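# Analysis of the macromolecular model
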There are 2 protein chains.
Amino acid sequence: MEKPVRKRGRPPALDRVVGLDIAARLFWERGYEGTSTADLTKAMGINPPTLYSMFGSKEELYRQALDFSIARENSRRSEILQSHLRAYDALSLYLYDIADGDTQPDKPRGCMVSTAVLQHAEENASVARMTAALRESSMLTVKARFDRAVEEGELPAQTDTDTLARFYGAIIQGMSAQACDGACNVRLKRLIDVALTAWPGKRQTSTGNSV
Amino acid sequence: MEKPVRKRGRPPALDRVVGLDIAARLFWERGYEGTSTADLTKAMGINPPTLYSMFGSKEELYRQALDFSIARENSRRSEILQSHLRAYDALSLYLYDIADGDTQPDKPRGCMVSTAVLQHAEENASVARMTAALRESSMLTVKARFDRAVEEGELPAQTDTDTLARFYGAIIQGMSAQACDGACNVRLKRLIDVALTAWPGKRQTSTGNSV
DNA sequence: CCATTAAAATACCGATCCCTATTAAATTCG
DNA sequence: CGAATTTAATAGGGATCGGTATTTTAATGG
């Protein structure tokens, strides 16, 4: 719609999206408290006043960088969850996709949300609450898919879908932690395979997997 | 052996163990990067030079506080693991004990080790490596118990005990994260009950638990 | 009481924290 | 061109960071 019509004053040196991408990556790798505004301005190639005029504050930038990153990942993952697949298969793909995200070659390890800002100085409590709310939200999305599975008869009527969603949420958080500690993609996926045996009605092999 | 014979100079105002206890609690609640030396000296009621002469540096104090805390918890938990109980029962008690530790009334939430220093400034990489090593070590302890269970015939010979240990490790990390986010004891234990259905050979109820 | 010893308190260090008041540069409009 | 507009860069501010050189206090031994 809008033409790229050149506006009046001095043109911005840094594209907003590029800036958010750089910020997201830094926060992802070093955490909120481990990333300084000097780190951010240096990586973006700008000076402090530019950062503050573009993003408001460090905390605001963190919010925006998180929203930006989540928007990129969430479409694919919610498509997986909301697809025509059976809940069990959708869950499998969903977890595998997260394991891939935790171990991308040229990206920081782990998940930007799952294990972020758990411990924190009290001055950063509001940042912690925000990330916690994102974790809660994604678990509720999974729970909603499980509720649908109950309605559709894929899961027994008495299934405790909330606990089941929090169980897989714990797996997601554990994968992120272990990825931060260096676990490879294959190792995370083996872990998922065990977790999937907890699916109601599934019968385990001997957990020797297919070996 | 040694009598509490009074030594020569000015007596210490702060007991070393009390100091470690205070430090551990602060680091537990706020994390390594979220805890300042000013926080520590204030909580201990001492001045900076006293802290540095007693503990060396912030990083050294963190190490000592972690060692101190782990020594307290580990005896009980390794007793559980090394007891005469079957591996499955020992694992259950072990996980329940950790869930209790994650949700103690007048203590910080979560575990001091499981989800600590995952993301960090690069200047704190050595602290991160140390905590990661502690996580790895505790997973290997669990794996060793599973290996014993294989030898004793409680688990099938082809069981992938490493993956199984890392799976329960992920549960432990997930519980810590969710405790930090406010999950109560009961909620964590429901999560454990789901995780235990992944034990090789176990047959799930419908994951409606006992309801 | 005085010397000795050990620990604590004062006062501060340079560096970095997040952030901003002010000035300079780069563009479009008339 | 000059005026208007928009953004970037310079320079620095107050607070806090982890850490320390120096002095003071509190005990014991003779």
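Residues numbered from 1 in each chain as written. Chains lettered and ligands numbered in written order. Predicted model: local features only at pLDDT ≥ 70, side-chain atom pairs only at ≥ 80, totals over all residues.

## Looking at the relation of the copies chain A and chain B
In screw terms, the move from chain A to chain B is a rotation of 180° and a rise of 0.0 Å along the axis, fitting with an RMSD of 0.1 Å. Expressed as a symmetry operation, the mapping of one chain copy onto the other fits a two-fold axis. (Least-squares fit on C-alpha atoms with pLDDT ≥ 70 in both.)

## A short note on the protein's contact with DNA strand D
Near DNA strand D lie 26 residues; those nearest to it are Gly9 and Arg10 of chain A together with Ser36, Pro48 and Lys58 of chain B. Mapped onto the surface near DNA strand D, the elements with two or more residues apiece are α3 (48-55) of chain A together with α2 (37-44) and α3 (48-55) of chain B. Of all the elements, α3 of chain A adds the most residues to the surface near DNA strand D, at 4 residues. Taken together, the residues of the surface near DNA strand D break down into 11 nonpolar, 8 polar and 7 charged. (Near = placed C-beta within 6 Å. Helix = DSSP H or I, 4+ residues; strand = E, 2+ residues; numbered from the N terminus. Nonpolar A, V, L, I, M, F, W, Y, C, P; charged D, E, K, R; others polar.)

## Quick word on the protein's contact with DNA strand C
Neighbouring DNA strand C are 26 residues, the closest being Ser36, Pro48 and Lys58 of chain A together with Gly9 and Asn47 of chain B. For the surface near DNA strand C, the elements supplying multiple residues, two or more each, are α2 (37-44) and α3 of chain A together with α3 of chain B. It is α3 of chain B that contributes the most residues to the surface near DNA strand C, 4 residues altogether. Its residues placed into classes, the surface near DNA strand C shows 11 nonpolar, 8 polar and 7 charged.

## Comments concerning the interface of chain A and chain B
Taken together, the contacts link 51 residues of chain A with 51 residues of chain B. Within the residue set of the side of chain A that touches chain B, elements represented by two or more residues are α1 (16-30), α6 (125-151), α7 (161-180) and α8 (185-196) of chain A. For the side of chain A that touches chain B, the element with the most residues is α7 of chain A, which contributes 13 residues. Here the residues of the side of chain A that touches chain B sort into 18 nonpolar, 21 polar and 12 charged. (Contact = placed C-beta atoms within 7 Å.)

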